[in-house]
Amino acid sequence: MITLDAVYALAGLLFMGVALAVGLDPQERRGLVRAGFYFLLAVSFLLGGQLGDAANGALVLGLVALAAGGALDGTESDRGPRTDYQPAPAWKLFVPALTIPVVAMAASLVLPQIRVGGAPLLSPVAKSLPAMAGLALGVLVALGLAMSLLRRPLTDPVQSARGLMQAVGWAALLPQLLAALGAVFALSGVGTAVSHLAAAALPSPDRFSVVLVYCLGMALFTVVMGNAFAAFPVMTAGIGLPLIVGRYHGDPAVMGAIGMLSGFCGTLVTPMAANFNLVPAALLQLRDRYGVIRAQAPTAALLLAGNTALMYFLVFPKP
Amino acid sequence: MHAHGTDLLPLIGVGVLVVGFMVRLNPLAVVAAAAFATGLAAGLSPLQVLSALGKAFNDNRYVSLIWLVTPVVGVLERAGLRDRAREAVARFRRPGGGLLSVGQLLLSYFVLRQITAALGLTALGGQAQMVRPLIAPMAEAAGDAQAQPRLTPDQRDLVRAHAAASDNVAVFFGEDIFIAFGSVLLIRGVLAGGGHEVSPLSISLWALPTAGLALLIHGVRLLRLDRRLRRADP
């Protein structure tokens, strides 16, 4: 049976390859320090499941210390990707590129159905496994296709992964670290504190104020936690269910759907949702790390206002 | 209710984040500092915070699996994928025969992305595998064709940022229409926990008005982006 650990091992091997490519490059300034970051990342993906919690915590601090010490700053790949030869024919590039999402999507649907000897091929425990196994398979198929079509040197995949990882720098690790922070926030009662604040902000509990505080609270809470999924249970139990549904007999389906989407407006403007907002800024080498957030903010603000209005007009029973 | 004083103390980590991000310290260090500030303020010992952080970091490794795409995206980019994507834009013609503008190109991608996400096909897109190698270079090429004479560096960053934004907005306000999406199931679970049984279908149907509004708002903004690019900036 395949578990997430198999996909993690694949990523661990990739990061180990990046570490070797950086460490063995005589051109790399402070190569060993820079390689150390990717080495620790590889250790986390290869062995994290076997290490204890405190050891994993120490690993995190090691990664942060190396990053803060400049292990990711100003690398050679800042000059952008090298195209050191004639571009290959378009179809040899587009076909593998589109293979990744197509295979990933198909595999995420098909793999969970496959059974080997009566047992499912994929472990049913991890909900994210079908998508992740699909992604891994999509990458492997696309890579095989690309390498056979383009006939590049066998070191090319690791060297170009290294180029991309170094171009993205600290943003590569930020989403995972922020997800971990979210867990520490939850453990420390940040959610309760925010819902207290939201409840205290309720001026007079008329229909409009209740809807406004619920939608605005979803967005603000999501900005803080970086994730609407963390905000939804707290805001819904604190304000949505007792007031919108309980007191004013609002429709819970309308409230839930539009409430969650109000949270997504918050996701669009928070650096805490790094994978959506900061990683693309790094991937696209924007000079302003908040450039993507700036591009999204007007849409987020208008849509939050629109959501509040939609909920106000749709959620309550018609008189 | 004077217990609020202690209740609010864990929010100190939020303050650490805001200040740290604002003065642009290394974000990884800011996040680690925020975890310790909040954990210690909530009465955990340093070792407890370290363990909680380590466990959560390990449990969330799947978040970083997106970097699995780097070898193949990198190989294709080195072989000229982004150049070919730029050239491909010249072949997309509007019915009238003119070139697609940045706004029209991104709006087309937006509509495709929103519809496929609504059908549960969220994997057909994404920042690392679709926007960086394909969509952003195409949008830049369209911009270079419509700007006078080419995009300025600021305009280029603006076009790139909008390529990323279109992917995000489209998927956020498309995926909730799909009844088996995680957030629909979460909404149903939370409502059920409060004693209200609601069908996943009704939740996904009530996501439709917002999806339409997102298309309208972001679509108008994308078309206005064209006007902004055409204006001869000093």
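Here the structure is a predicted model, which means the values were calculated and not measured. (Residues numbered from 1 in each chain as written. Chains lettered and ligands numbered in written order. Predicted model: local features only at pLDDT ≥ 70, side-chain atom pairs only at ≥ 80, totals over all residues.)

(A) Here's a closer look at the overall build of chain B. Tallying secondary structure elements over chain B gives 12 helices and zero strands in all. Helices and strands appear in chain B in the N-to-C order α-α-α-α-α-α-α-α-α-α-α-α. A principal-axis box enclosing the C-alpha atoms of chain B has dimensions of 65 × 45 × 35 Å. (Helix = DSSP H or I, 4+ residues; strand = E, 2+ residues; numbered from the N terminus.)

(B) View of the interface of chain A and chain B. Each side of the interface is counted separately: chain A has 117 residues, and chain B has 98 residues. Classifying every residue of the side of chain A that touches chain B gives 86 nonpolar, 24 polar and seven charged. (Contact = placed C-beta atoms within 7 Å. Nonpolar A, V, L, I, M, F, W, Y, C, P; charged D, E, K, R; others polar.)

(C) Region of interest: the domain arrangement of chain B. Examined at the domain level, chain B breaks down into domain 1 (4–59) and domain 2 (69–230). In this structure, domain 1 of chain B and domain 2 of chain B have C-alpha centres spaced 33 Å apart. (Domains from an automatic or database assignment.)

(D) Spatial organisation of the packing of helix α7 (residues 102–118) of chain B against helix α12 (residues 208–230) of chain B. Residue and element names in this part refer to chain B. Across the interface, α7 lies against α12 with an axial gap of 8 Å and an inter-helix angle of 160°. Relative to α12, α7 is oriented roughly antiparallel. The handedness of the crossing between α7 and α12 comes out as right-handed. Listed contacts from α12 to Val102, Gly103, Leu106, Leu107, Phe110 and Gln114 of α7 are Ala211, Leu215, His218, Gly219, Leu222, Leu223, Leu225, Asp226 and Leu229. By residue class, the composition of the contact of α7 with α12 is 10 nonpolar, four polar and one charged. (Axes fitted to C-alpha atoms, helices over the stretch in contact; angles between N-to-C directions. Parallel < 35°, antiparallel > 145°, perpendicular 65-115°, else oblique. Left-handed = near helix turned anticlockwise from the far one by under 90°.)

(E) Representation of the domain arrangement of chain A. All names here are of chain A. We note that the domain assignment places domain 1 (4–78 + 87–172) and domain 2 (176–314) within chain A. Averaged C-alpha coordinates put domain 1 and domain 2 at centres separated by 31 Å. Each side of the interface is counted separately: domain 1 has four residues, and domain 2 has six residues. Residues that form the side of domain 1 that touches domain 2 fall into these classes: three nonpolar, one polar and no charged.

(F) Examining the confidence of the model for chain B more closely. Residue and element names in this part refer to chain B. Predicted confidence across chain B gives a mean pLDDT of 89, with 94% of residues reaching 70 or more. Across chain B, the secondary-structure element scoring lowest on mean pLDDT is helix α1 (residues 4–7), at 54, and the one scoring highest is helix α9 (residues 153–175), at 96. Counted against residues more than four places away or in other chains, residues 1–6, with its pLDDT under 50, gives one contact. Per the prediction output, this complex has pTM 0.89; the corresponding ipTM is 0.90. (pLDDT = per-residue confidence, 0-100.)

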